[in-house]
Amino acid sequence: MNSEAHAYSISMAKTRIDTVDHVGLRGVAAVWILFFHCLMNPPYKVDNGGFTLMPLFFLLSGFSLTLAYSSKFDPDPDDQSDCMTDTNVNGTVSNLGTVNETTNPPNVALCNHNLAVIEMSDISALKTVQVGNVIPTPAPDPDPSQKRRIIQYYYSRFVRVMPMYWLCMLFALPPVLNGYGRTLPINEPGVVQFALIVNILPIMTWFGYFIDTAYIINAPEWTVMTLIFFWLCFPWVLNHYRQKPSTELIVCIRRNFILQLSIILLGTCVDILTEFPGVEVAAQSPYGRIPVFLMGIQAALLCLREPTGELQWVEVSGSLFPWKWFTHAETLVGIIDFSHTVPQQCLKLLSATVIIAVFETLTPTSMNTGLWFQGFNVFAQLDVLVG
């Protein structure tokens, strides 16, 4: 870990962010989507625009996990894995790596570009002792406590999610096998076995959508399948982004916003022009949603680095759709007043959702407006989440 990343790590470890409002935000979105699913197949056509809120759950997942585990995945603070230790009998290591023969204590460790003097009472185990030469110690194995924390993270995810996931799938299985809800072609050989495997594991959205979307047994559980893919990658993704400076994180947010929008629009076009389920792959598979999850991680890291509340944020904040990101090559950064931004964004998101719901309800044929609008409102949802 370099010195800049080490400084970020110390700052983030001391920062605490209140996320009580996120509980209400998650609850309102969940209830809205619940009604959307209840109204999907009524005798009359009703659409409340539930699809438009789906990115929020991926943003929240990346954001919340980063707040919870940003310090827990740190190496042991007592670990000296980044140190080069001088074991000379009569010398100390200078900043340039040379040795000055003095009467100072015989062992000095250079860690994170700072000198730390450590006494060593017993050097009998050393096979070679030379004055004037720096003898580096072999790099130790990765911190075992860090490995344990990662294993504990996976265990925590498993016990919190998988039992309920399997229970819900078990309840959905009898009606699906009897022809209700999903159009699973159970009469074709091997279909039921394949469907059970990709749903129990659960990896249906990872590649099953490329075969046939009908193989999913409990349709709403696609969200969990996609999130599990993200959770498996999270420790390494977090370690990658936490070493980046704040300005680069904002650049990454901009790139991921443009990437996820491009995927949604491309999937919609493919869905219209071909028989391939482009919308489902773009909006529900982990490959289409990973940019949204990453935006949540990057935003959380920015929040953790600003304990005073003076958050460096994107200057297009407050816009339902950040047009300036497409007209300006540079990334716009500034200090944002979220007390005004959050109410504005909430009103814009609510208005857009209501307009889409009315439009989809009144049109004879569904235009899937809520699906492709997901790509446009992601940054507005992130604005509300961060604010």
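Further up the page is the structure itself.
Residues numbered from 1 in each chain as written. Predicted model: local features only at pLDDT ≥ 70, side-chain atom pairs only at ≥ 80, totals over all residues. Heavy atoms only, no water.

Novice: For this particular structure, what's the right way to read the overall build of the protein?
Specialist: Regarding its fold elements, the protein presents 14 helices and seven strands. In the protein, buried positions account for 45% of the 387 residues. Taken as a whole, the protein presents about 20200 Å² of accessible surface, with 63% of it coming from carbon and sulfur. (Helix = DSSP H or I, 4+ residues; strand = E, 2+ residues; numbered from the N terminus. Buried < 20%, exposed > 50% of the residue type's maximum accessible area, 1.4 Å probe, protein only. Areas by Shrake-Rupley, 256 points an atom, 1.4 Å probe, with all protein chains shown as cover.)

Novice: So what exactly am I meant to see when it comes to the side chain of Thr226 here?
Specialist: Along the chain, Thr226 falls in helix α7 (residues 222-241). Here Thr226 falls in the buried class, since its relative accessible area comes to 0%. Those residues in contact with Thr226 that lie beyond four places of it in its chain are Phe58, Thr205, Gln284, Ser285, Pro286 and Arg289. (Contact = heavy atoms within 4.5 Å.)

Novice: In this structure, what is going on with the packing of α7 against helix α10 (residues 286-304)? I would like to understand it.
Specialist: Packed helix pairs are characterised by how far apart their axes lie and by the angle those axes make with each other. For the pair α7 and α10, interaxial distance at closest approach is 10 Å and the crossing angle is 45°. Compared by their axis directions, α7 and α10 come out oblique. When you trace α7 past α10, the crossing you get is right-handed. Mapping the contact onto sequence places Thr226, Phe229, Phe230, Phe234, Val237, Leu238 and Tyr241 in α7 and Pro286, Tyr287, Arg289, Ile290, Phe293, Leu294, Ile297, Gln298 and Leu301 in α10. For the contact of α7 with α10, the per-class residue count stands at 13 nonpolar, two polar and one charged. (Axes fitted to C-alpha atoms, helices over the stretch in contact; angles between N-to-C directions. Parallel < 35°, antiparallel > 145°, perpendicular 65-115°, else oblique. Left-handed = near helix turned anticlockwise from the far one by under 90°. Nonpolar A, V, L, I, M, F, W, Y, C, P; charged D, E, K, R; others polar.)

Novice: Can you walk me through the environment of Pro322 in this structure?
Specialist: Here Pro322 shows up in the loop between β6 (312-314) and α11 (324-327). The spatial distance from the C-alpha of Pro322 to the C-alpha of Phe376 is 8.7 Å, given a sequence separation of 54 residues.

Novice: Help me understand the packing of aromatic side chains in this model?
Specialist: In this description, a pair of aromatic rings is defined by centroid distance and the angle of the planes. Scanning the entire structure with this criterion turns up 14 aromatic pairs. Centroid distance Tyr69 to Phe234: 6.5 Å. Interplanar angle 70°. Geometry classified as edge-to-face. Separated by 165 residues along the polypeptide, Tyr69 in helix α3 (residues 54-69) and Phe234 in helix α7 bring together distant segments of the chain. Given a relative accessible area of 0%, Phe234 falls into the buried group. Note on Tyr153 and Phe234: the rings are 5.7 Å apart at their centroids and 40° apart in plane angle, and the pair reads as tilted. Of the two residues, Tyr153 sits in helix α4 (residues 144-177) while Phe234 sits in helix α7, which places them 81 residues apart along the sequence. Like Phe234, Tyr153 is buried. Feature note: the residues Phe58, Tyr69, Tyr153, Tyr154, Trp206, Trp222, Phe229, Phe230, Phe234, Trp236, Tyr287 and Phe293 constitute an aromatic cluster, connected by ring pairs. (Phe/Tyr/Trp six-rings, centres within 6.5 Å; stacked < 30°, edge-to-face > 60°.)

Novice: Would you explain the pattern of salt bridges in this entry?
Specialist: In a structure, side chains of opposite charge can pair up when their charged atoms sit close to one another. Inspection of the entire model under this criterion finds one salt bridge. With a shortest N-O distance of 3.0 Å, Glu248 and Lys244 are connected by a salt bridge. On the accessibility criterion, Lys244 (16% relative accessible area) is buried. (Salt bridge = Lys/Arg side-chain N within 4 Å of Asp/Glu carboxyl O.)

Novice: What exactly am I supposed to notice about α7 here?
Specialist: Here α7 contains 20 residues, and its C-alpha end-to-end distance of 27 Å stays within 8% of the 28 Å for a straight helix at 1.5 Å per residue. The sharpest bend along α7 reaches about 55° and sits at Phe234, with the proline Pro235 one to four residues further on. By the criterion of burial, α7 is predominantly enclosed, with 14 of the 20 residues buried. (Expected span 1.5 Å × (residues − 1). Bend = angle between axes of the 7 residues up to and from the residue.)

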